[in-house]
Amino acid sequence: MSLNIIFREKDIPNIREFDVYSKNGGYEALKKALSQTRKQVIDEVKASNLRGRGGAGFPTGVKWSFIPQDNPINYVVVNADESETGTFKDRQIMENNPHQMIEGALICAYAIKAAAVYIYLRGEFWDVAHALDAEIARARKAGLFGPNGKLKDADGNPFKVDIFTHLGAGAYICGEETALLNSIEGKLGQPRVRPPFPANKGGGLYNEPTVVNNVETLANVPWIINNGAEEYKKIGVGSSSGTKIFCLSGHVKNPGNYELPFGVTFRQLLYDYGGGPLNGGEFKAILPSGGSGPILRVTDEVLDTPLTYDDLRKFNSILGSASVIVMDDTVDIVWVASKVTKFFKHESCGKCTPCREGTYWLDKVLDRILAGGGKESDVDLIMSVAKNMQPTTLCAFGEFAANPTIWTINVFPEEFKAWVDGSKKPAEEKAVARPARERVAAAAAPAGD
Amino acid sequence: MNTLQEKYADRIETTLAKYPDKRSAVMALLYIAQEEYGWVSPEGIQDVAEVCDMDPTQVKSIAGFYTMYSERPKGRFWLQVCTDLPCALKGAEKFHHDLKEYLGVDEGGTSEDGMFTVEHVMCLAACDKAPLLQCNFHNYEHLDMEKMKVLLDQWRAEVNAQVNKS
């Protein structure tokens, strides 16, 4: 079952180093792509069914084909902001096989005729970014790209695209592509009104047409160019081609990243790879796509579901970025809803009122319930606030932020009922450990700074 | 020439060269200002605004938007503990609580010796290595209080060695 398209460090130690990557077929895909026309490269990626691995699953080749080739300046932006709760795959790719992502980004840059590539890393990837800068410098020095690039494309033009990293500074919303573009431009990292879309003139980086792709997505591209779309489609199931990196965390014995073909089941992932429940408990719930995707109750039917973009829809859930957070039977689902809602409350950028205010209200009501002061009407109140957030925000954050409450109530109604009818009460310690200390700290900060 | 331009000329130049627009350098420059002043102080904001051709108010709004710029002085070691769901499932909330208690600080507070500031932070993208924290932007993983006490002693000793040298 093991096929390492991306985690090649498992087969080739130290492939993170430029020399080792080069000796093992590195940058051959870039040279092959440069010998083809741009259209051929885009068609190959389209034919492979490669879909965006950041969560949306949009067909990558189609995205590339939206870029107007006659525009003088286009950009490629690599989304390495990886901030969804439970997601830690892009970190491993950049730490252990960074050149494959760089090569994928360069192939994209050629295909869409880009002037430059920017890799946007979340600020917490401070060490990753500095190591990446060093590897980019090695490849640049070897003449693969940049001002002294020696390669030529099919028309004999020199390939001089350059790559730069840009470090964020701690804001989940910058993983949203238009917020990310604003952040690179030195503006507040808040989403833009669309249209125009990033691929359109006026909608991308510095107003120029831009492709924004996730790290994992681009790391697949060299393999596709080397081996062809037909070979790639043999891996996976149906319209979910290739492998996916599953980030497994929570109550499993062996948490970690697992690169597996689409179509593997939860049962295989949780037991064969994850080693089963930690502490010998029973699995109770799964968040298949980090904090933002609808929660699942663990049943045999769920465990035997193939993990593809399509199959999780029958449970009203999504595969998203495949950040699988597993919880055993010791977990209180209302606490889970509260925990994830606090994340979104903290990370809401504040631009759209329903999201900015809605996350506060949801958090307040959940806190009240968990403090033992919940009323039966609180469940309807939460639903009403959450559903009013979903269709009313500029970006998908509003929908994500409402999912934890809506779907925990839909899937585990009995857990909310137990809290609001008084049959469940807070533990003594928890009730006192919840004051809003953030506010106290803020009030104590020196004035006028 | 302001302080940042004098002391960090090379780094500023390399940063500006990445972008077609000076304003794009603001985030990298804020990190440099924080390194120089220990936090994004009013002088730091002013310096950055001059380099990036921005209004200081605009720079200040950028600094306030992100969690990795500190808008007030912090301890030498800025300990940011992830307490999000995957970490919390592995005991991170208790670890965070015990750490604050051990150092005698409230959330966001700094220990009396000015050494450690403790606060919770959102997901650090290393959920398989919980509990973990970020100290001055480097991750320390698979933690418990025993390991933490060793680290705290080690960091204290490093600072004391530096003080004794100078």
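Residues numbered from 1 in each chain as written. Chains lettered and ligands numbered in written order. Predicted model: local features only at pLDDT ≥ 70, side-chain atom pairs only at ≥ 80, totals over all residues. Heavy atoms only, no water.

Peer 1: What is the right way to look at the overall build of chain B in this model?
Peer 2: From N to C terminus, chain B includes eight helices and four strands. If you list the helices and strands of chain B from N to C, you get α-α-α-α-α-β-α-α-β-β-β-α. Counting over 166 residues, chain B shows a buried share of 53%. Taking the contacts inside chain B whose residues are at least 6 apart along the sequence as the reference set, 58% of them involve residues at least 24 apart. (Helix = DSSP H or I, 4+ residues; strand = E, 2+ residues; numbered from the N terminus. Buried < 20%, exposed > 50% of the residue type's maximum accessible area, 1.4 Å probe, protein only. Contact = heavy atoms within 4.5 Å.)

Peer 1: Can you help me understand the domain arrangement of chain A in this one?
Peer 2: Accessible area lost upon the coming together of the parts is a frequently used measure of interface size. Residues and elements named next belong to chain A. Taken as a whole, chain A is organised into domain 1 (8-233), domain 2 (247-328) and domain 3 (333-443). When each unit is reduced to the centre of its C-alpha atoms, the spacing between domain 1 and domain 3 is 37 Å. At the interface, 13 residues of domain 1 touch ten residues of domain 3. The interface formed by domain 1 and domain 3 contains zero salt bridges. Its residues assigned to classes, the side of domain 1 that touches domain 3 shows five nonpolar, four polar and four charged. (Domains from an automatic or database assignment. Salt bridge = Lys/Arg side-chain N within 4 Å of Asp/Glu carboxyl O. Nonpolar A, V, L, I, M, F, W, Y, C, P; charged D, E, K, R; others polar.)

Peer 1: Explain the pattern of salt bridges here, please?
Peer 2: A side chain of one charge can pair with a side chain of the opposite charge if their charged atoms are brought near each other. Enumeration over the complete set of coordinates arrives at 41 salt bridges over all chains. One salt bridge connects A:K417 with A:D421, and the closest N-O pair in it is separated by 3.3 Å. Look at A:K417 and you get exposed, because its relative accessible area is 54%. Since its relative accessible area comes to 35%, A:D421 is described here as partly exposed. A salt bridge links B:K7 to B:E36; the nearest nitrogen and oxygen atoms lie 3.0 Å apart. Here B:K7, found in helix α1 (residues 3-7), pairs with B:E36, found in helix α3 (residues 26-37); they are 29 residues apart in sequence, far enough to count as distant.

Peer 1: Would you take a moment to explain the domain arrangement of chain B for this structure?
Peer 2: Structurally, chain B comprises domain 1 (3-65) and domain 2 (77-165). Using only C-alpha atoms to locate each centre, domain 1 of chain B and domain 2 of chain B end up separated by 28 Å.

Peer 1: Would you explain the layout of surface pockets in this entry?
Peer 2: In this approach, a probe sized like a water molecule rolls over the atoms, and the result shows the empty space that is left. Residue and element names in this part refer to chain A. Of the pockets and cavities examined, the second largest pocket occupies roughly 1,400 Å³. Along the walls of the second largest pocket sit 50 residues, with G54, G55, A56, G175 and F400 positioned nearest its centre. At the level of secondary structure, the elements contributing two or more residues to the lining of the second largest pocket comprise α4 (60-65), α5 (89-96), β4 (210-214) and α16 (397-411). Here the element with the most residues in the lining of the second largest pocket is β4; it accounts for five residues. When grouped by side-chain class, the residues that make up the lining of the second largest pocket number 17 nonpolar, 20 polar and 13 charged. (1 Å grid on protein atoms, 1.4 Å probe; cavity = no way out; pocket = protein on both sides within 12 Å on 5 of 7 lines; lining within 4 Å. Points joined across faces, edges and corners; volume = space filled by probe spheres on them.)

Peer 1: Just checking my understanding: could you explain the interface of chain B and chain A for this structure?
Peer 2: Contacts between the two partners involve 44 residues from chain B and, on the opposite side, 63 residues from chain A. Both sides of the chain B and chain A interface together cover about 4,400 Å² of buried area, and 62% of this is carbon and sulfur. Broken down residue by residue, the surface that chain B buries against chain A is led by B:F65, B:L85 and B:L89, which jointly contribute 15%. Applying the counting criterion to the chain B and chain A interface returns one salt bridge. The set of elements that each furnish at least two residues to the side of chain B that touches chain A consists of α3, α5 (56-65), α6 (85-88), α7 (92-103) and β4 (138-140) of chain B. A per-class count over the side of chain B that touches chain A returns 23 nonpolar, eight polar and 13 charged. (Buried area = accessible area lost by both parts, 1.4 Å probe.)

Peer 1: Help me out: how do you make sense of the pairing of strand β1 (residues 77-82) of chain B in this one?
Peer 2: The side chains of a regular strand alternate, residue by residue, between the two faces of the sheet. Residue and element names in this part refer to chain B. Taking burial as the measure, the six residues of β1 include six buried ones, the bulk of the element. Of the two faces of β1, the one carrying F77, L79 and V81 and the one carrying W78, Q80 and C82 are both buried. Bridging between β1 and strand β2 (residues 116-121) involves six bridges; their strand directions are parallel. Note on β2: the bridge partner recorded for F77 is F116. Sheet topology places β1 next to strand β3 (residues 133-135); three bridges connect them, and they run antiparallel. Bridge pairing links Q80 to Q134 in β3. (Pairing = 2+ DSSP bridges.)

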